[in-house]
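A structural walkthrough
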Protein chains: 2
Amino acid sequence: MHIVVSGGAGFLGSHLCETLLDRGDSVTCVDNLVTGREENLSHIRKNPRFTFLTVDVTDRDALDLALGDVPVDAVAHLASAASPPDYHRIPLETLLVGSRGTENMLELADRHGARFILASTSEVYGDPAVHPQREDYWGNVNPTGPRSVYDEAKRYAEAVTTAYGRSRGTNVGIVRIFNTYGPRMRAIDGRVVTSFIAQALNGDSLSIYGDGSQTRSFCYVDDLIRGLIALLDSTETGPVNIGNPAERTVASLAELIVALSGSQSEIEYFPLPIDDPTRRKPNIDLAMRSLQWSPRVGILQGLKQTIAWFASRPEEVRNAAPFLVGGQPDGQSDSPTSDTSLDRLYAEPAA
Amino acid sequence: MHIVVSGGAGFLGSHLCETLLDRGDSVTCVDNLVTGREENLSHIRKNPRFTFLTVDVTDRDALDLALGDVPVDAVAHLASAASPPDYHRIPLETLLVGSRGTENMLELADRHGARFILASTSEVYGDPAVHPQREDYWGNVNPTGPRSVYDEAKRYAEAVTTAYGRSRGTNVGIVRIFNTYGPRMRAIDGRVVTSFIAQALNGDSLSIYGDGSQTRSFCYVDDLIRGLIALLDSTETGPVNIGNPAERTVASLAELIVALSGSQSEIEYFPLPIDDPTRRKPNIDLAMRSLQWSPRVGILQGLKQTIAWFASRPEEVRNAAPFLVGGQPDGQSDSPTSDTSLDRLYAEPAA
């Protein structure tokens, strides 16, 4: 198969490209390198079945020109800023890659009669009122809140993907990706796993906001990629949740990371910003049933590999320190509500 | 002031153009006439302060070319299919005018340092869990349901409008428009007021789904336009609800329309589709406080004028009959849930 992967130089995208090449597919990666990194692809750049194109998928003409007439069997649309520090920096671009970017990739798939999968997100559930989240939960997102540039872009992407499936008969599938971690994350992406690892490796205190009893669930990247490929190979429309439902407290995660990295770091507690960070935990019944998928990698194994990867990049980890001491750029933003105070200011004109 | 009105040939747009001209503004109407009608503008076409441009606002180049370099003081973005029969017919175009159309109009406003107002909708509240709806309610919309082509397009439009305000400093305002009725609606738009009026004028039975005890709230178009202009003239960011909070039952509406039109029509009851149609009723505290706006036109006066308008177009009303007998195109679709059965089919993969 020839598969076009947008956002293929990103954390998840580069793992997807690599795994597809490993099983014998041809892969064309398109990425504008705004949040993706070429070094994520360094080990596959010389593979004759791999092509890298620096192109912005929101530019239809540039995309068509770059891709030419080579037949395409599948399209995986992963391109987007995905962490709060990134999408707050480029809000309009984030909206655009969710709307026009998705439309352009859908047009590409439709033209080739190719399978299309959209990398959507658990963020479409927003601040969920039900727990764990099943795919038929409609979510709780503030359309004019600070996070709406990401959340509403992805909800729109789901709507347009569904509309192509219904009105054009395009072979579409939507995956809602929950928190994922592993090698090739960026030390300054503002997420709790990377922040803790960077602090532990730097010998700095790990910053916990609140008492650490709040829970998160994390999926190791290899599991996530296996789920993406299962969806790619299926005709499942979705949306289908892919994530690891195992919950653990933020405090236990911090302790585990200190232990596994052989660090002497202490754990420091800071006041919790206004609202308690939201829990998100996938119900994965649909993925288990329709894709025969479930996560396999435990937290110990996953963290070991992630820590080892960051340990081999001491400079990046050291350079991240100024962004992490005293608080990550967007709080511990695997939670969606670290900017709730802003949400509130804006959302309650009638208060 | 020179005001550009997108969707200016539509029901609300044409009333807005007319009212702005009446008070001395210059108005450029841009409309691709997909759901708008030139005849809505026939009485103002000769006004020297009025310009009509047949242009699709999703086409940036065509828009810029058509508008030229004339300074713009305000932009009112009303362009969109708005009734279910329309947006089900053109789902991809509906999404596009909400995303790219809104972005193009925002760029226009931003370039001219002009005020921008977005005509959003009570549909962003979806199937609301709170009643009446205040602006800080985040809504309950299925991102992959049949209505998502409209609802998510408008939520995206709100997000991108907000993002321009925050990141570019564009002077933006968002209005969420609730059910509105009046002259220049189309007899076949599938809404309950127009369907009842057309049935009454044709002497056909008025079709009520369910026992008629379900309630709706309706705003007369003149009130709505006064609210739009108050927002245009303000610096209120919104989102701000504009609608009439007076609720009435569908049965009492049917009786009133039969009485006011001097019709001999009977009222016929049909089974209610799966779920009870949703109530939507605006909380208008914000509009009252920040725009000094509240509705003034009562249902008797509003219906009289609407019935008189349709009565002067007997051919259009007669031609609508085949679409109305035995059920409107999309049920009595002032409610958002007449296609709930489809929503369900699609939304419950994990059921």
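If you're wondering where the values come from, they're calculated on a predicted model, not measured in any experiment. (Residues numbered from 1 in each chain as written. Chains lettered and ligands numbered in written order. Predicted model: local features only at pLDDT ≥ 70, side-chain atom pairs only at ≥ 80, totals over all residues. Heavy atoms only, no water.)

**Considerations on the interface of chain B and chain A**
How we decide: Contact definition: two residues touch when any of their heavy atoms are within 4.5 Å. By buried area we mean how much accessible surface two parts lose on assembly, using a 1.4 Å probe and totalling the loss over both. A carboxyl oxygen of Asp or Glu within 4 Å of a side-chain nitrogen of Lys or Arg is what we treat as a salt bridge. In protein, a polar contact requires one atom able to donate a hydrogen and another able to accept it; more generally it is a pair of N or O atoms within 3.5 Å, and residues adjacent in sequence count only if both atoms are side-chain atoms. Going along the chain from the N terminus, every DSSP run of H or I of four or more residues is numbered as a helix, and every run of E of two or more is numbered as a strand. In the scheme used here, Gly and all other residues not listed as nonpolar or charged are polar, with Ala, Val, Leu, Ile, Met, Phe, Trp, Tyr, Cys and Pro taken as nonpolar and Asp, Glu, Lys and Arg as charged.
Counting from both sides, the interface comprises 48 residues of chain B and, opposite them, 48 residues of chain A. Here chain B meets chain A over a buried area of about 4200 Å², counting both sides, of which 59% is carbon and sulfur. Applying the counting rule to chain B against chain A returns 4 salt bridges. With a closest N to O distance of 2.8 Å, E152 of chain B and R155 of chain A form a salt bridge. At the junction of chain B and chain A, the tally comes to 11 residue pairs in polar contact (both at pLDDT 80 or more). Elements represented by at least two residues in the side of chain B that touches chain A include exactly α4 (91-112), α5 (148-168), β6 (171-177), α9 (285-290) and α12 (340-347) of chain B. Top contributing element to the side of chain B that touches chain A by residue count: α5 of chain B, with 15 residues. Class assignment for the residues of the side of chain B that touches chain A results in 23 nonpolar, 11 polar and 14 charged.

**With respect to the packing of aromatic side chains**
Aromatic rings considered in pairs are described by the distance between their centres and by the relative angle of their planes. All names here are of chain A. Stated precisely, the cut-off is as follows: Each Phe, Tyr or Trp ring (for Trp, its six-membered ring) is paired with any other whose centre lies within 6.5 Å, and the angle between the two planes then decides the class: stacked below 30 degrees, edge-to-face above 60, tilted in between. We call a residue buried when its accessible area falls under 20% of the maximum for its residue type, exposed when it is over 50%, and partly exposed in between, using a 1.4 Å probe and counting protein chains only.
On inspection of all chains with the given rule, the structure shows 15 aromatic pairs over all chains. Aromatic pair Y181 and Y220: ring centres 5.5 Å apart, planes at 65 degrees, arrangement edge-to-face. Of this pair, Y181 sits in strand β7 (residues 180-181) while Y220 sits in strand β10 (residues 219-220), and the two are 39 residues apart along the sequence. Their ring planes at 25 degrees and their centres at 5.4 Å tell us that Y209 and F270 sit as a pair that is stacked. With Y209 in strand β8 (residues 206-209) and F270 in strand β13 (residues 267-270), this pair connects stretches of sequence that are 61 residues apart. Looking at F270, the relative accessible area reads 22%, which means it is partly exposed. Clustering of aromatic rings is evident, with ring pairs tying together Y125, Y137 and F178.

**Here's the deal with the pairing of strand β8 (residues 206-209) of chain B**
Residues and elements named next belong to chain B. Short version of the rule: DSSP-based pairing: two strands are paired if at least 2 bridges between them are found.
Side chains of β8 alternate between two faces, with L206 and I208 and S207 and Y209 buried alike. Sheet topology places β8 next to strand β13 (residues 267-270); 4 bridges connect them, and they run parallel. Its bridge partner being in β13, S207 is matched across the sheet by E268.

**Regarding the pairing of strand β4 (residues 74-77) of chain B**
Every other side chain in a regular strand lies on the same face of the sheet, so the side chains alternate between the two faces. All names here are of chain B. A two-sided burial pattern is seen for β4, the buried positions comprising A74 and A76 on one face and V75 and H77 on the other. Pairing geometry for strand β1 (residues 2-6) and β4, over 4 bridges, is parallel. Considered in β4, the bridge of S6 is made with H77.

**Notes on the environment of R23 of chain A**
Residue and element names in this part refer to chain A. Tracing the backbone shows R23 in the loop between α1 (11-22) and β2 (26-31). The sequence separation of R23 and S312 amounts to 289 residues, and the corresponding C-alpha distance is 27 Å. In this view, R23 contacts M1, I229 and D233; residues no more than four positions away in its chain are not counted. At a separation of 2.7 Å, a polar atom in the side chain of R23 contacts the side chain of D233.

**A closer look at the nonpolar core**
Note the following rule: Residue types Ala, Val, Leu, Ile, Met, Phe, Trp, Tyr and Cys, when buried and joined through side-chain atoms within 4.5 Å, form a set referred to as a nonpolar core.
V30, L95 and M105 of chain A together with V30 and M105 of chain B are the most contacted members of the largest nonpolar core, which has 68 residues in total. Residues within four places of M105 of chain A in sequence aside, it is in contact with V4, S6, V30, V57, L63, V75, H77 and F116 of chain A. One finds I3, L206, I225 and V317 of chain B within the second-largest nonpolar core, a separate group that totals 66 residues.

**A few points about the domain arrangement of chain A**
All names here are of chain A. To keep things clear, this is the line we draw: A domain assignment, automatic or from a database, supplies the domain bounds used here.
By domain assignment, chain A separates into domain 1 (2-179 + 220-242) and domain 2 (183-218 + 246-279 + 298-337). Centre-to-centre separation of domain 1 and domain 2, based on C-alpha positions: 26 Å. Listed by partner, the interface residues are 25 residues for domain 1 and 27 residues for domain 2. Sorting the residues of domain 1 by area buried against domain 2 places R37, N179 and Y220 first, and these three jointly supply 31% of that buried surface. At the junction of domain 1 and domain 2, the tally comes to 3 salt bridges. For E316, the salt bridge identified is with R37, shortest N-O distance 3.2 Å.

**Description of the UniProt feature "domain: NAD-dependent epimerase/dehydratase" (unreviewed entry) in chain A**
Rules: UniProt positions are given in the numbering used here, feature names are shortened, and annotations may be inferred rather than shown by experiment.
Taking the UniProt record as the reference, the feature "domain: NAD-dependent epimerase/dehydratase" (unreviewed entry) is found at residues 3-243 of chain A. As a span, residues 3-243 of chain A carries 38% helix and 20% strand, and end to end its C-alpha atoms are 23 Å apart.

**Some points on the sheet that holds strand β5 (residues 115-121) of chain A**
Residues and elements named next belong to chain A. Rules: A fitted line through C-alpha atoms represents every axis, and for helices the fit uses only the stretch in contact; the resulting angles, taken between N-to-C directions, go from 0 to 180 degrees.
The strand order β3-β2-β1-β4-β5-β6-β11 describes an open sheet built from 7 strands, whose pairing is parallel. Of all strands in the sheet, those with a lone pairing partner are β3 (50-54) and β11 (240-242), marking the two edges. Taken over all neighbouring pairs, the strand axes of this sheet differ in orientation by 20 degrees on average, direction set aside. Sheet topology note: the β2/β3 ladder contains 5 bridges and is parallel. Looking at the pairing, V30 lines up with L53 of β3.

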